[in-house]
Amino acid sequence: MDTNSMLAFFDMISLPAGVYVLYVWYRLQAVRRLFDNSLLIPKNFRIKDCADPDGYIRYLKPRLLILGLCLALYGIVALLNNSLQFYNNTVSMVLNGVALAVIIWYAVCSSKAVKRYW
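Residues numbered from 1 in each chain as written. Predicted model: local features only at pLDDT ≥ 70, side-chain atom pairs only at ≥ 80, totals over all residues. Heavy atoms only, no water.

(A) Geometry of the overall build of the chain. Broken down by element type, the chain carries three helices and zero strands. Listing every helix and strand of the chain by position from the N terminus yields α-α-α. Considered along the principal axes of its C-alpha atoms, the chain spans approximately 50 × 25 × 20 Å. Classification of the 118 residues of the chain by burial places 36% in the buried group. Split by element, the accessible area of the chain, about 7400 Å² in all, is 64% carbon and sulfur. A distance of 8 Å separates the average location of the 12 positive side-chain charges in the chain from that of its 6 negative side-chain charges. (Helix = DSSP H or I, 4+ residues; strand = E, 2+ residues; numbered from the N terminus. Buried < 20%, exposed > 50% of the residue type's maximum accessible area, 1.4 Å probe, protein only. Areas by Shrake-Rupley, 256 points an atom, 1.4 Å probe, with all protein chains shown as cover. Lys, Arg positive; Asp, Glu negative; His and termini not counted. Charge placed at Lys NZ, Arg CZ, Asp CG, Glu CD.)

In structure tokens, the structure reads:
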């Protein structure tokens, strides 16, 4: 798989992934308690083992919102660019880097939250 097809794949999955993260954020906002979801509950952990569910939710909610908004926005811009070509490959690579950095940032935050609240 060459670089362009990998980037196109990332472009295509970013919007649905961002929408899904925003859905998880919205559901967490609505129910105000942890529920079974791989973005919230790490593998091999149980909800009832969380030491401070309210603190964990307060910590994770803004980070989920940032992740979801960034991925959804990136996905929209990338898909529009695939059709309209309003920026070049250099800008595309920079935007990919920013989106990847946000994903890595969320992974680090999530890992810290697991250590802190479980």
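(B) Summary view of the environment of Arg63. Note that Arg63 resides in helix H2 (residues 53–84). Given a relative accessible area of 21%, Arg63 falls into the partly exposed group. Separated by 42 residues in the primary sequence, Arg63 and Trp105 have C-alpha atoms spaced 9.0 Å apart. Polar side-chain contacts of Arg63 include one of 2.6 Å to the backbone oxygen of Tyr59. (Polar contact = N/O pair within 3.5 Å; in protein donor to acceptor, adjacent residues only side chain to side chain.)

(C) Summary view of helix H3 (residues 89–117). The terminal C-alpha atoms of H3 lie 42 Å apart, and with 29 residues this matches the ideal 42 Å at 1.5 Å per residue to within 8%. Capping the start of H3 is the job of one residue whose side-chain oxygen sits 3.2 Å from the backbone nitrogen of Thr90: Asn88. (Expected span 1.5 Å × (residues − 1).)

(D) View of the UniProt feature "transmembrane region" (unreviewed entry) in the chain. UniProt feature "transmembrane region" (unreviewed entry): in the numbering of this structure it lies at residues 6–26, 64–84 and 90–108. Secondary structure content for residues 6–26 is 100% helix and 0% strand, while the C-alpha to C-alpha distance between its ends is 30 Å. (UniProt positions renumbered as here; feature names shortened; annotations may be inferred.)

(E) Here's a closer look at the packing of aromatic side chains. Evaluated as defined, the whole model comprises seven aromatic pairs. Ring geometry for Phe10 and Tyr74: centres 5.5 Å apart, planes at 45°, overall tilted. Of the two residues, Phe10 is situated in helix H1 (residues 3–31) and Tyr74 in helix H2; the sequence distance between them amounts to 64 residues. Tyr74 matches Phe10 in its accessibility class, with the two residues each being buried. Residues Tyr56 and Trp118 carry aromatic rings whose centres are separated by 4.8 Å and whose planes lie at 85° to one another, so their mutual orientation is edge-to-face. In this pair, Tyr56 is assigned in helix H2 and Trp118 in the segment after H3, connecting sequence segments 62 residues apart. The exposure class assigned to Tyr56 is buried, which follows from its relative accessible area of 0%. Following the ring pairs from residue to residue traces out a cluster consisting of Phe45, Tyr56, Tyr59, Tyr117 and Trp118. Over the aromatic face of Phe35 sits the side chain of Arg27, whose NZ or CZ is 4.0 Å from the ring centroid. Taking the ring centre of Tyr59 as reference, the NZ or CZ of Arg63 above it sits at 3.8 Å. (Phe/Tyr/Trp six-rings, centres within 6.5 Å; stacked < 30°, edge-to-face > 60°. Lys NZ or Arg CZ within 6 Å of the ring centre and 35° of its normal.)

(F) Main features of the nonpolar core. Core analysis: the biggest nonpolar cluster contains 23 residues, and Leu34, Leu40, Tyr56, Leu60, Leu64, Tyr117 and Trp118 have the highest contact counts within it. If one sorts the elements of this core by residue count, H2 sits on top with seven residues. For Leu60, the contacting residues outside a window of four places in its chain are Leu39, Leu40 and Tyr106. If you look at the next biggest cluster of nonpolar residues, it comprises five residues, including Phe10, Tyr74, Tyr87 and Ala99. (Core = buried A, V, L, I, M, F, W, Y, C linked by side-chain atoms within 4.5 Å. Contact = heavy atoms within 4.5 Å.)

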